[in-house]
Each structure stands twice: as structure tokens, then as C-alpha cells.
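Working through the structure, step by step
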Amino acid sequence: MSPEPRPEPRPGTRPQPGPDAAPQAAPGRIVLLTTSHRVAPGLLSWPAWQALRTADAVLCADGAHPQLPYLREAGIAVAQASPTAQELVDTCAGGRTVVVVATGEGEPALTDGLARLAGSGRVAMPELELLPASYDLPGARLLDLVQVMDRIRAECPWSSRQTHEGLAKYGIEEAYELVEAIEAGDREELREELGDVLLQVVFHSRIAEEDPDAPFSVDDVAGGIVAKLIHRHPHVFGDEQAETPEDVKEHWLRTKAEEKQRTSVTDGVPLGQPGLALAAKLASRTRTAGLDVPLPRGEGIGYELLALAVRAEADGIDPEAALRAAARAYRDAIRAAERDGGSGAE
């Protein structure tokens, strides 16, 4: 008696294996392990260590990968290999788990190849997991900036010859451009200008490392400002209390006076700053110290501007910002007159 014929599958359905068909091998699992070069090698997450220790194979295309010495020290056997997507899928056949320690580029060729295989529908694909083994901490990109600055200082013909004195003017320019971005309310410009100001700090710090008598680095600069901030915020890092901005300012001025041991309230006021800002700063120092100092008498616009600056400071107005705002309005009026065909001087 001949066996009954199997019914033809309906269109759009897959044929089901018969009872005598061999079971398909489990496709396995691929774990793509990524790490951050901004975190010390060997400092990996617990899930990453679990995946590494339980894997059937651990592969890495880069024989000089900074993680490899630490993995091998921990007893993880790592094979240097750069398999194709199909080779990796074949390696996982039978339910095997393969961990790929990604290089800095993230293995785009491999992941693209796996995507093509999965899209073909002809390959039983392993489970694919992206496992970040270490994460960047806030501020980690500053390490990149320091490294880039080191290389530029060493290899750029212009940057390698710069001095503190030669760069001073750029610091002033970048500060003004930052203020302009703030006053314009341009968020994209603000981000860029903050980067330019940060570059000045890192550049000067890199130059300072080369001083033969009193070298310091960007770490020394950061360490100094951290210590200062902690000392001047006893209401945050100590036992002092501060409920209002005025309380905070009082703490700041008191701790600053203890640090500086200045003999005059005018000590530390840079005389090279713009005149209106200088006048306002002197007025602020005088008022904060509770001194009653009459304005000097004199003829001319300078004394009139001094009086205006002191009055503005007393009213809580930044005279420099106020004058810039008025100047921008004047600029806009000039441009409007030019557009309207206004005549110039005869």
C-alpha cells in the first residue's frame, strides 16, 4: 500500500518538516562587546565579565586591543580573528556563544554583513546582543581634547611655537564672542563659543607643562579650581548653612578673603578690563565692604561715565551689557538707514 500523498502547502506558508526530518541545530548567540577608550582598560561591567567567562569563544580582530592583556590576565582565552559574517554565524552553529571584542570603530563591516544575512531570510541567524562593557563618565570627552591638544602641540608648525603671551589676545577675543553668543540667545553659537574658550584653557595648560622652572598641567588647573569651589561652598561641602543667594555670596567673599589675605578691596581687580566694567567692579567692591567713598570730582566725559557706571551697579545693572545693548540698537538703526538709502555726510 503506497503512502498517502502529503497535502500541498498553502501559498505564503512554509513547508513543515516531516516526522523523519533531522532537528535543526540551534543558531547560537553573538555578543558584540564594546568598550570606551576613555575608561581604564580592565574596568568592565559585571555582565561583560559574565559573558566573557561563559562564552564558547572570544574573538578580537585587533591584536593590540588595550583590553586584551587584562582579559588574558583574568584567564579569558582570546583568539585574534576577523571572521566574516557567514563565518561567525557558522561558528555559532550548535548553540554556541561567541563574544566579539569590538575595536574602536565598532566592527561596522561585521555588523553590516550580519544585517545582510538576516535580511536575506535564507540563514538561521544567531541571537545578536550589543553589550556595552564600559561607559563614558560625564566629562569623559575632555580626555579626548587633552589628547588632541597634545598631538597638535607636538606636530603642528603653528601651535608648537605658541606662547602664553602670543595667545593672550585670543583669550580676550573668545571671551567677547562667548558673551555675544549669550546676549544673542543663539544656543548653537553658545555651544561653539564655550568650546573655543575651553580650548584656550587646555592650550595654555599644555604650554605650561613645558616651563622649565614652574610647570603645571591641565590636571593641576582642574585640581586647583575643584579645591577652590569646595572651599568656597561650605554650605554644600561643609556644615555651613545658606538659604539665599545673599548667604552664598557672603560665604564666597569671606572664604575668598581668607585665601587671598588682601590688604585692599581693590586688590585683584584687573585694570585692563573695559572701563565701564572696571568702574562697576570697583563700585561693587566698595559697596560690599561697606565703605563710603565719594566719587572723585573732575571735568570731562570720563567722570560722567564713572558716575553712570556706579549708578548702574547700585541699581543691579551691568553697564557694559547695557551699553552693548544700546550699541546693537544703534547698529540696527544704521543698517536700516543704509537699506532705506539714507545719505551720508555731505
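Everything below is about the structure printed above this text.
Let me sum up the structure you'll find in this document. Because the structure is a prediction, the values reported are computed rather than measured.

In terms of regular secondary structure, the protein chain is built from 13 helices and five strands. In terms of overall size, the protein chain is more extended than a compact globule, its C-alpha atoms giving a radius of gyration of 34 Å where 346 residues would be expected to give roughly 20 Å. Counting the 346 residues in the protein chain, one finds 25% classified as buried. Counted over contacts in the protein chain with a minimum sequence separation of 6, partners at least 24 positions apart contribute 62%. A total accessible area of about 23800 Å² is found for the protein chain, and carbon and sulfur atoms account for 56% of it.

Attention now moves to the packing of aromatic side chains. Scanning the entire structure with this criterion turns up two aromatic pairs. An aromatic cluster is built from Trp158, Tyr170 and Phe203, whose rings are joined through pairwise contacts.

Right, let's get into the sheet that holds strand 4 (residues 97–101). Pairing is parallel in the open sheet, where five strands are placed in the order 3-2-4-1-5. Pairing within the sheet leaves two strands with one partner each, and these edge strands are strand 3 (79–80) and strand 5 (127–132). Pairing analysis gives two bridges linking strand 2 (residues 57–60) to strand 3, with the strands arranged parallel. If you follow Cys60 over to strand 3, its bridge partner there is Gln80. Across the face of the sheet, helix 3 (residues 85–92) comes into contact with strand 1 (29–34), strand 2 and strand 4 while running at roughly 140 degrees to strand 4.

Glancing now at the nonpolar core. Across soluble globular proteins, you tend to see nonpolar side chains buried next to one another. Formed by 18 residues in total, the largest nonpolar core has its most connected members in Leu33, Leu52, Val58, Leu71 and Val99. Elements with a contribution of two residues or more to this core: strand 1, helix 1 (46–54), strand 2, helix 2 (68–73) and strand 4. Here this core gets four residues from one element, more than from any other, and that element is helix 1. Beyond its immediate stretch of four places on either side in the chain, Val58 contacts Leu52, Ile76, Ala77, Val78, Ala79, Val99 and Val101. Leu32, Ala57, Val100 and Leu114 belong to the second-largest nonpolar core, a separate cluster that totals 14 residues.

Further remarks concern a negative patch on the surface. On the surface, Glu173, Glu177, Glu180, Asp186, Glu189 and Glu192 cluster together to form a negatively charged patch. Put simply, the parts of the chain that give the negative patch at least two residues each are helix 6 (164–184) and helix 7 (187–208). Ranked by residues supplied to the negative patch, first place goes to helix 6 with three residues. Mapped onto the elements, Glu189 comes out in helix 7.

Another point: unusual backbone geometry. Unlike most non-glycine residues, Glu107 shows phi in positive territory, near 60 degrees. Along the chain, Glu107 turns up in the loop between strand 4 and helix 4 (108–120).

Bringing a nonpolar patch on the surface into the picture now. A surface patch of nonpolar side chains, amounting to about 530 Å² of accessible area, comprises Ile225, Val226, Leu229, Ile230, Val236 and Phe237. Counting residues per element, the ones that place at least two in the nonpolar patch are helix 8 (218–231) and helix 9 (234–237). At four residues, the largest contribution of residues to the nonpolar patch is made by helix 8. Within the secondary structure, Val226 sits in helix 8. Residue classification places Val226 among the partly exposed positions, given a relative accessible area of 45%.

About the criteria used
- Residues numbered from 1 in each chain as written.
- Predicted model: local features only at pLDDT ≥ 70, side-chain atom pairs only at ≥ 80, totals over all residues.
- Heavy atoms only, no water.
- Helix = DSSP H or I, 4+ residues; strand = E, 2+ residues; numbered from the N terminus.
- Rg over C-alpha atoms; globule rule 2.2 N^0.38 Å.
- Buried < 20%, exposed > 50% of the residue type's maximum accessible area, 1.4 Å probe, protein only.
- Contact = heavy atoms within 4.5 Å.
- Areas by Shrake-Rupley, 256 points an atom, 1.4 Å probe, with all protein chains shown as cover.
- Phe/Tyr/Trp six-rings, centres within 6.5 Å; stacked < 30°, edge-to-face > 60°.
- Pairing = 2+ DSSP bridges.
- Axes fitted to C-alpha atoms, helices over the stretch in contact; angles between N-to-C directions.
- Core = buried A, V, L, I, M, F, W, Y, C linked by side-chain atoms within 4.5 Å.
- Patch = residues over 30% accessible without salt bridge, like charges linked within 9 Å, V, L, I, M, F, W, Y side chains within 5 Å.
- Salt bridge = Lys/Arg side-chain N within 4 Å of Asp/Glu carboxyl O.
- Lys, Arg positive; Asp, Glu negative; His and termini not counted.
- Charge placed at Lys NZ, Arg CZ, Asp CG, Glu CD.

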